[in-house]
Amino acid sequence: MGVRRGLTPARGIIHLHSPYSHDACDGEPRAFDGSLDESCLADLKRALCTDRIDFAALTDHDATMADEAFADLFLSRGDVDLLPDPAAPTAGRLRCDDGHRVLLFVGGENDQMPILLDRHPDGTVDQRHAAYNSEDPADMARWRDLGGLAWYAHTEKHPLDKLRAARPDGIEIYNLHANIDPDIRQDLLGLDGPGAIRAVVQFADTSPEGPEPDLALLSFLEPNDVSLGRWDALLADGMRVWGSAGTDAHQNALPLELRDGERGDSYRRMIRWFSNVVLADDPTDPASIEAALRAGRMFVAFELFGTPVGFDVTAGGAELGGDVAPGDALVVSVPEVLDLDPSLPAPDVHAVILRIDPNGSVTEVARGRGPEVTATVEAGAAAYRVEVRIVPRHLGPYLGNLGPDDAEREHVWIYANPVFVRPPSP
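Report follows, based on the coordinates. Owing to the predicted nature of the structure, the values given are computational and were not obtained by experimental measurement.

## Description of the side chain of Asn417
Thought 1: Counting through the fold element by element, Asn417 comes out in the loop between β21 (411-416) and β22 (419-421).
Thought 2: Among the polar contacts listed, one links the side chain of Asn417 to the backbone nitrogen of Gly243, at a separation of 2.9 Å.
Thought 3: Within the structure, Asn417 has its side chain in polar contact with the backbone oxygen of Met298 (distance 3.0 Å).

## Here we look at the environment of Met65
Thought 1: Tracing the backbone shows Met65 in helix α2 (residues 62-65).
Thought 2: Overall, the relative accessible area of 1% leaves Met65 in the buried class.
Thought 3: Taking the C-alpha atoms as reference, Met65 lies 32 Å from Glu222; in sequence the two are 157 residues apart.
Thought 4: Those residues in contact with Met65, other than ones at most four positions away along the chain, are Tyr20, Asp60, Leu73, Val106, Gly107, Gly108, His120 and Tyr132.

## Considerations on the state of the cysteines
Thought 1: Per the counting criterion, the structure on display carries 2 disulfides.
Thought 2: What pairs with Cys25 in a disulfide is Cys40, and their sulfur atoms sit 2.1 Å apart. Between Cys25 and Cys40 the sulfur-sulfur dihedral comes to about -85 degrees; the bridge is accordingly left-handed. Here Cys25, found in the loop between β1 (8-16) and α1 (38-50), pairs with Cys40, found in helix α1; they are 15 residues apart in sequence, far enough to count as distant. The two residues Cys25 and Cys40 agree in class, both being buried.
Thought 3: Looking at the protein, its bonded cysteines, counted consecutively from the start of the sequence, adopt the pairing 1-2, 3-4.

## With respect to the side chain of Lys162
Thought 1: Tracing the chain through its elements places Lys162 in helix α5 (residues 160-166).
Thought 2: You can call Lys162 buried: its relative accessible area is 18%.
Thought 3: Polar side-chain contacts of Lys162 include one of 3.0 Å to the side chain of Asp111.

## Here's the deal with the environment of Asn401
Thought 1: Within the secondary structure layout, Asn401 lies in the loop between β20 (383-391) and β21.
Thought 2: For Asn401, a relative accessible area of 46% corresponds to the partly exposed category.
Thought 3: In the structure, Asn401 is positioned 192 residues away from Glu209 in sequence and 5.7 Å away in space, judged by C-alpha atoms.
Thought 4: Not counting chain neighbours up to four residues away, the residues in contact with Asn401 comprise Asp205, Ser207, Glu209, Gly210 and Pro211.

## Some points on the pairing of strand β7 (residues 149-152)
Thought 1: A two-sided burial pattern is seen for β7, the buried positions comprising Leu149 and Trp151 on one face and Ala150 and Tyr152 on the other.
Thought 2: As paired strands, strand β6 (residues 113-115) and β7 are joined by 3 bridges and run antiparallel to one another. From the neighbouring strand, Pro114 faces β7, where its bridge partner is Ala150.
Thought 3: Relative to strand β8 (residues 170-175), β7 runs parallel, the two being bridged by 2 bridges. Within β8, the residue paired with Trp151 across the bridge is Gly170.

## Quick notes on the sheet that holds strand β13 (residues 312-314)
Thought 1: An order of β13-β15-β19 is seen for the 3 strands of this open sheet, with the pairing classed as antiparallel. The open sheet is flanked by β13 and β19 (372-376), the only strands paired with a single partner. Neighbour to neighbour, the strand axes of the sheet diverge by 15 degrees on average, direction disregarded.
Thought 2: Where strand β15 (residues 329-333) lies against β19, 5 bridges are found, and the strand directions are antiparallel. For Val331, the partnering residue across the bridge sits in β19 and is Thr374.

About the thresholds
- Residues numbered from 1 in each chain as written.
- Predicted model: local features only at pLDDT ≥ 70, side-chain atom pairs only at ≥ 80, totals over all residues.
- Heavy atoms only, no water.
- Helix = DSSP H or I, 4+ residues; strand = E, 2+ residues; numbered from the N terminus.
- Polar contact = N/O pair within 3.5 Å; in protein donor to acceptor, adjacent residues only side chain to side chain.
- Buried < 20%, exposed > 50% of the residue type's maximum accessible area, 1.4 Å probe, protein only.
- Contact = heavy atoms within 4.5 Å.
- Disulfide = S-S within 2.5 Å.
- Pairing = 2+ DSSP bridges.
- Axes fitted to C-alpha atoms, helices over the stretch in contact; angles between N-to-C directions.

Dropping the structure here:
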């Protein structure tokens, strides 16, 4: 995606479950003797390598990750280097067969979702479980004390007042599980409850005329408007809170084999659909990845539509997550699809710049197809964020006998983290 100003894009998965989650691997992540499902674990590692992910923030449920030694949670089977000290690791480096490397970090997902932890909470195993299961917003500070970042998954489930009290480092602005689960869709997102299941079943067609299985997300992808609204409300409050997209993969939902010979919810398929792209000084260094996340130098890219090449946001020398001054030009470089076959229908891509004011209003201040879209930063406290939207007509020919209709709908391709208007000097 292109080095810019010494920063390299690193593609990451934030919110991912291994066999150390009780409900992973079709709900049977362990054999009767307690050993892990090694086949499921191998699927996860192979997916990270095949999709060439640069870092993965594992977020297992306290059952059973809280029962394990912290060093074991890096999934080492002789193919993971424990960093920086094997006796007290804070990260791991998975060695792929093709020479690629994936940084692994440990966290948890229960009511709260700490990521990039350096160690377990102190105390007995029972006390660990209690810590990971806390629902008290005041306990979010614990995760920073443990070297990590304090995040919330499933933002649609958390009331705005709770998020305000917790002051998290980040929240999910999209969650794949929420987008497909009938109850969450209907009760919390205001979407047609069973609509996603009905849509995705069409991709189970195994005939040669059937649709490309890896495009199944295209049939039910919708903005998580409730989560986006809560993000904008926190930004309006002046909070520095970063947005991420949660893959939430467990390989436990759709064991049905699709036309490509893989199960519908394979780790590889789900992990390739979107990534959290951080801009890192050194994408091979765990500390650099953490620093980028901590600073908000990140955007969400739905690579279902293709990897975005050329995307950038600049304003007065600030990076994403930084401060800009009134009068600065906020410039968005509109991306193109990597290696797009020129024989395919052209996608329609445009960028939108949004301003979030302290009163909670969200105003579109610029829009265009590029190559650049520019807005002048206005005076007064505010946050600016960017969305890149796409009508993915180039995917229509891959939808087979379903026809191209799903490729004619507009989607968000990129959600970028905000920049903030810097108050004038006294």
